[in-house]
Amino acid sequence: MSMNRRSFLQLTALAGGGLALNFYRLPFAAAQEPAKAPDLTPQAFIHIAPDGVTTIMARASESGQGMRNMLPMLIAEELDVDWKDVRVKQADLDEKIYGHQFSGGSANTPQGWEPMRRVGAAGRQLLITAAAQTWGVPVAECTTQPGKVLHSGSGRSAGYGELAAKAASLPAPALSSVKLKDPKDYHIIGTSQPGVDTPAIVTGKPLYGIDVKLPGMLYASIQKAPVFAGKVKSANIDQIKALPGVRHVLVIAGGITPAAYTPWEPGMEPGIAIVADTWWQAQTARAALKVDWDLGPAATQSSEGFRKRAKELLEAPPATTVHKYGDVDATLKSSAKVVEATYEYPFIAHMTLEPQGATAHWKDGKLEMWSTSTLPGNGCELVAKTLGIQQSDITTHMVRSGGSFGRRLQNDYLVEAAWIAKQIDAPVKLLWSREDDIGHDGLRPGGTHAFKAGLDAKCKLTVWRQHFVTFGDDKHLASGGGIGGDSYPASFPPAYALYTSAQPLMLRTGALRAPGDNAYCWVSQSFLDEVAYAAGRDPLEFQLDLLNNKKVPWTSGEHDAVGDHEPTGQSVLIPERFRGVLELVGEKSGWAKRTKEPGRGMGIAAWFCHLGYFAEVADVTVDKDNKVTVNRVWAAGDVGSQIINPRAAESMAHGGIMEGMAHLAQEITLVDGKIQQSNFDDYPLMRMRQVPKIEVYWRKTDYAPTGLGEPTLPPILPAVTNAIFAATGKRIRTLPLNRSGFSWA
């Protein structure tokens, strides 16, 4: 992010003589687009107490990706304090002060890297100036060591706490003028720091959304129709009201009309909310609830129907051309060899370990919420609209969540809690059950891709044709079901075409970790591996050769459609970085020296998404019963010039790989509009015994650091299925694995 000359530090002397630094960058807009919303207006708040203890506000919500560590670490580094003297405090939602408070899309690292360091550097400069004025010496003669200012000529020093009040009275420096550290002088950035919440987590302290407790709080549970947006016709409400502990039974009319396309935030589903003294009482009463539902048109949907319609659409001309160059049809006709295949993947759920829920309190016409949303600003806006109140009448406390993976970007559960709270005029905690969480998730939509590729006489890729059948209506594709024209390998083959066709879907869908890429990487890298074998060439060599092609010009729009929210410029794939991670993982895995043995194989895949590049190799064994064991995974990543918190970065890489492996065996199916899966027994996560040894390597390049939440996940899916092919000769073209005759050992 470039800095604006109107950027400034606001300084206020706090009670006790402390220093508060409130960083604020005014929203900027291009002159030709005066109405455009700012990309980001980040702010950081630092308080230095008289004893030198520094409190840094964490502006982003935390759901396990390390934002509560990473952003404060950037400030602390340039402020020049010891991390052990830093206390991190979660900010409430206030986007006028903190800017867009968003956690997702691996965005906080690239968007916070420079601004957060600059506020720390500006704070350090103020403290140096305060010391120089106190001592009557030139500013240039003063330096800092963690937590104190030094004057080498006189040997004097002063702790930050002693200087805080003086610094608060000084004019703020321009952020663009502050000097940032040379990376060789970092002592926090690049050093593994434990999670600031780790002690509370391991000792079971209340920390998560599910732990929130308020005086006089009631508990709510909602029964919804088994079919999306089904409405209540009648129910035994009077009988339920008489059950022990039940305080309220509320019919939710909802605001969703099932249609071929469901918006990202459609609002509340209809249902019946039971509010009781305890959640157990609410759940017990819910079990006795008897509802006659109007299931509506969504009851006609089924997974089998989707497959049948996808096949029909693939046999018809594509509806939409997403991106095309070269004479695709003529090149296919003239190719020495044509390779064709169709790949299919299912709907899958997020399965956050903490199911959805929120706490809300309506009092005197104002609402207070405790939210685990990773888009809390959007949640506040949706709540205000639903309740018919002003956003200024809502206070939102951001609480740590037990996982998001994209699920908590949507705010349906938050709206439900707020609506219930307003009806009963008392604090209420809404908790979903695991069954609720699967049955009413914003699912990752399934899809079907038909490929054709042509090879010339030298076995080089000359043409790529891809027809993607997704979901939506004539104007919109389902959330999480769109694809960008730059989807790899766009721009590398001499001729290329990407088409889409859509079938209607009356179901909530959304973003799952590495949205879109979690599926498009699997189909594209699997088919690329298939083409390499058809060419009689090594898959790694084949892909490196493809990346050597002169790139057909490609200019992204304002946003990259594959990742949904990537900025321009760096969002366009850089071949040298893609090659770099492939070459590094090939070296570390011993790819060139791999040996063939029955039932064992290695697979390789790579991907670029959310500004990060990852290549992965999987070593897989398949037994006589087609039971699959992943023995080892090597991963090579390029997320720029600096790994901010190495321990957390490695953890994110491991987590992405494990989650991607889990996707290979997961599936959500519909029969008569009803989701058939309900809990971990029929929707499995990876078991610890199934997790392979994982080695992660970093390739540092001269680019600003980017995030790690998304890019580690996509390559593991094709790496494993390509390895299964290498081990068995059987190509996996349909997920989950059991649909292709395989399962985890």
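The structure presented is a predicted model; accordingly, all values stated were derived computationally and were not measured. (Residues numbered from 1 in each chain as written. Predicted model: local features only at pLDDT ≥ 70, side-chain atom pairs only at ≥ 80, totals over all residues. Heavy atoms only, no water.)

Caption draft 1: Structural view of the overall build of the chain. When helices and strands are tallied, the chain shows 17 helices and 29 strands. Its C-alpha atoms give the chain a radius of gyration of 27 Å, within 12% of the compact-globule value 27 Å for 745 residues. With respect to the principal axes defined by its C-alpha atoms, the chain has extents near 80 × 70 × 55 Å. Here the chain holds 745 residues, and the buried ones make up 58% of them. At a minimum sequence separation of 6, the contacts of the chain that also span at least 24 residues come to 78%. If you sum the accessible surface of the chain, you get close to 28900 Å²; carbon and sulfur atoms cover 51% of it. (Helix = DSSP H or I, 4+ residues; strand = E, 2+ residues; numbered from the N terminus. Rg over C-alpha atoms; globule rule 2.2 N^0.38 Å. Buried < 20%, exposed > 50% of the residue type's maximum accessible area, 1.4 Å probe, protein only. Contact = heavy atoms within 4.5 Å. Areas by Shrake-Rupley, 256 points an atom, 1.4 Å probe, with all protein chains shown as cover.)

Caption draft 2: Representation of the sheet that holds strand β17 (residues 366-371). Strand order in the open sheet formed by 7 strands is β11-β12-β9-β19-β16-β17-β18, and the pairing between neighbours is mixed. Strands with a single pairing partner mark the edges of an open sheet, and in this sheet they are β11 (246-252) and β18 (394-398). Between one strand axis and the next, the sheet turns through 20° on average, direction left out of account. In terms of strand pairing, β17 meets β18 through 5 bridges, oriented parallel. Along β18, the bridge assignment pairs leucine 367 with isoleucine 394. On the sheet, helix α7 (residues 279-287) packs against β9 (218-223), β11, β12 (271-276) and β19 (428-431) and is oriented at approximately 25° with respect to β9. In the packing of helix α10 (residues 376-387) onto the sheet, contacts are made with β16 (357-363), β17 and β18, and the angle to β18 comes to roughly 145°. (Pairing = 2+ DSSP bridges. Axes fitted to C-alpha atoms, helices over the stretch in contact; angles between N-to-C directions.)

Caption draft 3: Spotlight on the environment of threonine 396. With respect to the helices, strands and loops of the structure, threonine 396 is situated in strand β18. On the basis of relative accessibility, which here comes to 2%, the residue threonine 396 falls in the buried class. Taking the C-alpha atoms as reference, threonine 396 lies 23 Å from aspartate 441; in sequence the two are 45 residues apart.

Caption draft 4: Examining the sheet that holds strand β6 (residues 142-145) more closely. Spatial strand order, β6-β7-β8: 3 strands in an open sheet with antiparallel pairing. Every interior strand has two partners, whereas the edge strands, β6 and β8 (156-159), have only one. Taken pair by pair, the neighbouring strands of this sheet meet at an average axis angle of 25°, ignoring direction. Sheet topology note: the β6/strand β7 (residues 148-151) ladder contains 4 bridges and is antiparallel. Bridging from a neighbouring strand, threonine 144 pairs with valine 149 of β7. On the sheet, helix α4 (residues 160-168) packs against β6, β7 and β8 and is oriented at approximately 80° with respect to β8.

Caption draft 5: Fine view of helix α15 (residues 575-589). With 15 residues, α15 should reach 21 Å at 1.5 Å per residue; the first-to-last C-alpha distance of 21 Å fits that figure. The buried count for α15 comes to 11 of 15 residues, which makes it a mostly enclosed element. Buried residues of α15: Pro575, Arg577, Phe578, Arg579, Gly580, Val581, Leu582, Leu584, Val585, Gly586 and Ser589, and no others. On the buried face of α15, the contacting elements are α13 (517-534), α14 (539-547), β23 (600-609), β24 (612-622), β25 (627-638) and β28 (693-698). (Expected span 1.5 Å × (residues − 1).)

Caption draft 6: Main features of the packing of α13 against helix α17 (residues 716-728). α17 packs onto α13 with a crossing angle of 30° between their chain directions and a minimal axis gap of 8 Å. When the axes of α13 and α17 are compared, the pair comes out roughly parallel. Classified by chirality, the crossing of α17 by α13 is right-handed. Seen from α13, the contacting residues are Asn518, Cys521, Trp522, Gln525, Ser526, Asp529 and Tyr533; seen from α17, they are Leu717, Pro718, Thr721, Asn722, Phe725 and Ala726. (Parallel < 35°, antiparallel > 145°, perpendicular 65-115°, else oblique. Left-handed = near helix turned anticlockwise from the far one by under 90°.)

Caption draft 7: Here's a closer look at α17. Its 13 residues place the ends of α17 18 Å apart at the C-alpha level, agreeing with the 18 Å of an ideal helix rising 1.5 Å per residue. Counting buried positions over the 13 residues of α17 gives 11, a clear majority of the element. Every buried residue of α17 is accounted for by Ile716, Leu717, Pro718, Ala719, Val720, Thr721, Asn722, Ala723, Ile724, Phe725 and Ala727. At its buried positions, α17 is contacted by α13, β23, β24, β25, α16 (646-663) and β29 (743-744). Glycine 729 sits one or two positions beyond α17 and adopts a positive phi of about 80°.

Caption draft 8: Highlighting the pattern of salt bridges. A full pass over the atoms with the stated rule returns 37 salt bridges. Close ionic contact of aspartate 197 with arginine 68 constitutes a salt bridge, the shortest N to O distance being 3.0 Å. Separated by 129 residues along the polypeptide, aspartate 197 in the loop between α4 and α5 (198-202) and arginine 68 in helix α1 (residues 67-79) bring together distant segments of the chain. What makes aspartate 197 buried here is its relative accessible area of 9%. The partner of arginine 408 in a salt bridge is glutamate 354, with the nearest N and O atoms 3.9 Å apart. With a gap of 54 residues between them, arginine 408 in the loop between β18 and α11 (412-424) and glutamate 354 in the loop between β15 (337-345) and β16 connect regions that are remote in the sequence. Owing to a relative accessible area of 0%, arginine 408 belongs among the buried residues under this scheme. Judged by relative accessible area, which is 9%, glutamate 354 ranks as buried. (Salt bridge = Lys/Arg side-chain N within 4 Å of Asp/Glu carboxyl O.)

Caption draft 9: How the structure looks around the pairing of β24. The buried fraction of β24 amounts to 10 of the 11 residues, a majority that puts the element mostly inside the structure. Relative to β24, β23 runs antiparallel, the two being bridged by 10 bridges. Among the inter-strand pairings, arginine 600 is bridged to a residue of β24, identified as threonine 621. Between β23 and β24, which follow one another and run antiparallel, lie 2 residues, and histidine 610 among them has a positive phi close to 50°.

Caption draft 10: Spatial organisation of the pairing of β25. Where β24 meets β25, 10 bridges bridge the pair, whose relative direction is antiparallel. What sits directly across from phenylalanine 614, in β25, is glycine 637. Note: β25 against β29, 2 bridges, orientation parallel. Bridge assignment links valine 628 to a residue of β29, and that residue is tryptophan 744.

Caption draft 11: Molecular detail of the environment of alanine 259. Take alanine 259: it is sitting in the loop between β11 and β12. Taking the C-alpha atoms as reference points, alanine 259 and leucine 505, separated by 246 residues in sequence, lie 7.2 Å from one another. Not counting chain neighbours up to four residues away, the residues in contact with alanine 259 comprise Leu505 and Met506.

Caption draft 12: Summary view of unusual backbone geometry. The linkage connecting tyrosine 488 with the following residue, proline 489, adopts the cis geometry, with an omega of 15°. Looking at the element boundaries, proline 489 is found in the loop between β21 (461-471) and β22 (495-503). With an omega of 5°, the peptide bond running from leucine 735 to proline 736 counts as cis. Note on placement: proline 736 falls in the loop between α17 and β29. In this structure, methionine 351 is a non-glycine residue whose phi angle is positive, near 55°. Examined against the element boundaries, methionine 351 turns out to sit in the loop between β15 and β16. When its relative accessible area of 4% is taken as the criterion, methionine 351 is described as buried.

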